[in-house]
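What follows is each chain in one-letter form.
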Amino acid sequence: MTSCRIPGWLRGQVRDGVAGVAAQGITAATSLLVQLVAAVSLGLSQYGVFAVLLAMLVGANALYIGFVCDSFTVFDRHEPRYRAALVSAALLVAALCVSGALLLALTFSGGGISLAVPYALLVGSKLAAETVRRLFVVRVSFRALLLNDVCSLVVTALALPVLLGASGEPTPEVLLGSMCCGALAAVSLGLWQLPRSEWRGLRPGITELPGLARFAVWRALQSGLRPLTLLAARLLVAGLISTAAVGVLELARLVVAPVQVVINGSGSLLLGKLAARERGGDRRDPRLIGRAAGALCGGTVVTGLLSAVLALLLAPPLFGRSVDAGAVFGWVAYLALWAAGLPYATELVTRRMSRAVFLPRLLDSVMGLAVATTVLSLDAPVAALPWALALGGGYAAYRLRTLVRSEPSPLAAEPGTSRAL
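Residues numbered from 1 in each chain as written. Predicted model: local features only at pLDDT ≥ 70, side-chain atom pairs only at ≥ 80, totals over all residues. Heavy atoms only, no water.

Some remarks on the packing of helix 2 (residues 44–74) against helix 6 (residues 172–193)
In step 1: Running from N to C, helix 2 and helix 6 cross one another at 30°; their axes reach a closest spacing of 10 Å. In terms of orientation, helix 2 lies roughly parallel with respect to helix 6. As for the relative orientation of helix 2 and helix 6, their crossing is right-handed in sense. Residue-level inspection shows Gln46, Phe50, Leu53, Leu54 and Leu57 of helix 2 in contact with helix 6, the latter providing Pro172, Leu175, Leu176 and Met179. (Axes fitted to C-alpha atoms, helices over the stretch in contact; angles between N-to-C directions. Helix = DSSP H or I, 4+ residues; strand = E, 2+ residues; numbered from the N terminus. Parallel < 35°, antiparallel > 145°, perpendicular 65-115°, else oblique. Left-handed = near helix turned anticlockwise from the far one by under 90°. Contact = heavy atoms within 4.5 Å.)

Here's the deal with empty space enclosed by the protein
In step 1: For the structure shown, the criterion picks out one cavity of 30 Å³ or more.
In step 2: Here the largest cavity is characterised by a volume of approximately 40 Å³.
In step 3: As for the largest cavity, its lining consists of Arg226, Leu230, Arg253, Val256, Gln260, Trp331, Tyr334 and Leu335.
In step 4: Elements with a minimum of two residues in the lining of the largest cavity: helix 7 (209–240) and helix 11 (325–350).
In step 5: Of the residues forming the lining of the largest cavity, the biggest block, three residues, is contributed by helix 11. (1 Å grid on protein atoms, 1.4 Å probe; cavity = no way out; pocket = protein on both sides within 12 Å on 5 of 7 lines; lining within 4 Å. Points joined across faces, edges and corners; volume = space filled by probe spheres on them.)

Section: the nonpolar core
In step 1: Of all hydrophobic cores here, the largest spans 97 residues; its most connected members are Phe50, Tyr119, Leu212, Trp331 and Leu385.
In step 2: The greatest single-element share of this core, amounting to 18 residues, is contributed by helix 2.
In step 3: The two domains that each donate at least three residues to this core are domain 1 (16–225) and domain 2 (242–407).
In step 4: Leave out the neighbours within four places in its chain, and tryptophan 331 touches Leu230, Leu249, Ala252, Arg253, Val256, Leu385, Pro386 and Leu389. (Core = buried A, V, L, I, M, F, W, Y, C linked by side-chain atoms within 4.5 Å. Buried < 20%, exposed > 50% of the residue type's maximum accessible area, 1.4 Å probe, protein only. Domains from an automatic or database assignment.)

Some remarks on the state of the cysteines
In step 1: Applying the stated criterion to the full structure yields zero disulfides.
In step 2: Among the cysteines around cysteine 180, which has no disulfide bond, cysteine 181 carries the closest sulfur, lying 6.2 Å off.
In step 3: For cysteine 180, a relative accessible area of 6% translates into the label buried. (Disulfide = S-S within 2.5 Å.)

A few points about the pattern of salt bridges
In step 1: Scanning all chains against the criterion turns up eight salt bridges.
In step 2: In this structure, the salt-bridge partner of aspartate 149 is arginine 133, at a minimum N-O distance of 2.9 Å. In this pair, aspartate 149 sits in helix 5 (residues 142–167) while arginine 133 sits in helix 4 (residues 113–138), placing the two residues 16 residues apart along the sequence.
In step 3: Since its relative accessible area comes to 12%, arginine 133 is described here as buried.
In step 4: Across the pair glutamate 250 and arginine 234 runs a salt bridge, and its minimum N-O distance is 3.0 Å. (Salt bridge = Lys/Arg side-chain N within 4 Å of Asp/Glu carboxyl O.)

What follows is the structure, given as structure tokens:
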């Protein structure tokens, strides 16, 4: 009887792959933990404020990743001129994001400086933590990344009861403070794990900044479009109805949040597989993409509906309040249409047709927000918002499918993509 031994290099790849997927799950679990505590402990109006601030954090993070982190993935971060330009880009984008966060917290939340300062500190800490995370990804150090993300989760979970005990009552400031503790702990551990060559001798410079920006601005727009659309939707509800209505909407979205994590993970896996096929010169088959879209959409509908039904039954005893069924099913529809378009968008990205993907996504956002503004202005219930956003997603999925099924035009590679890893 012969035994089959897995080569050492393959075992290492499998361990790194598992660690990378686990790190994504840990990151999502950290956010979900804080959101669940917020949903249980805060009133609907406070929860609505917290949801808007969290949406701003997600949007800022997406813009920063697109502009800075994708840039040091594509460009040589150790070449002195590019390194200086990357430092300048990081400082500039971080300063803009922190300033925007401070302004939003001061003007929207009503919490004054006591809320704005910890929130701005959280945004800055999160951007620093994301920089460290992406350095681990570029270095293919997924086990170190997993340790870093576990550290963030543990410190966040430990800081919550400590800050709650010191405050005496649950407040958005307490929740933001616990997240800030987790982010700062992750930065500290990450710098200890990274070799000094990654963070030593960082000096700003502008020589290569224009060339870097030609690539980075486009990537940031793509990365930030969806989270900033959801931020705009929350601000729309807060302006036309109330922050309590945002709380109702966010509670319904929280029900299907795990389904969104699965969709994002599937998109990352699909991107890797399609990119490998493209590099290998395999013949493109739109029918395979169509089957992937159908499977992902169908799986989203099934798991989303199961999550919705369970939440409608369990929300009163868990959260102490009921969940709006119309809003829950609206978020399921929104995610299902997003999932239906994701394989087509991913296929186009592997063909270096990202610009062709951006326009349908932009029209998706504009159309959804326009319909949402109209129906909410006509005194429709807040549950109508995710359904309105889903209409835009339906258009985007149709348009992306049409682009994939048509013969691709010979497009030049986007600036910097020829050097992408």
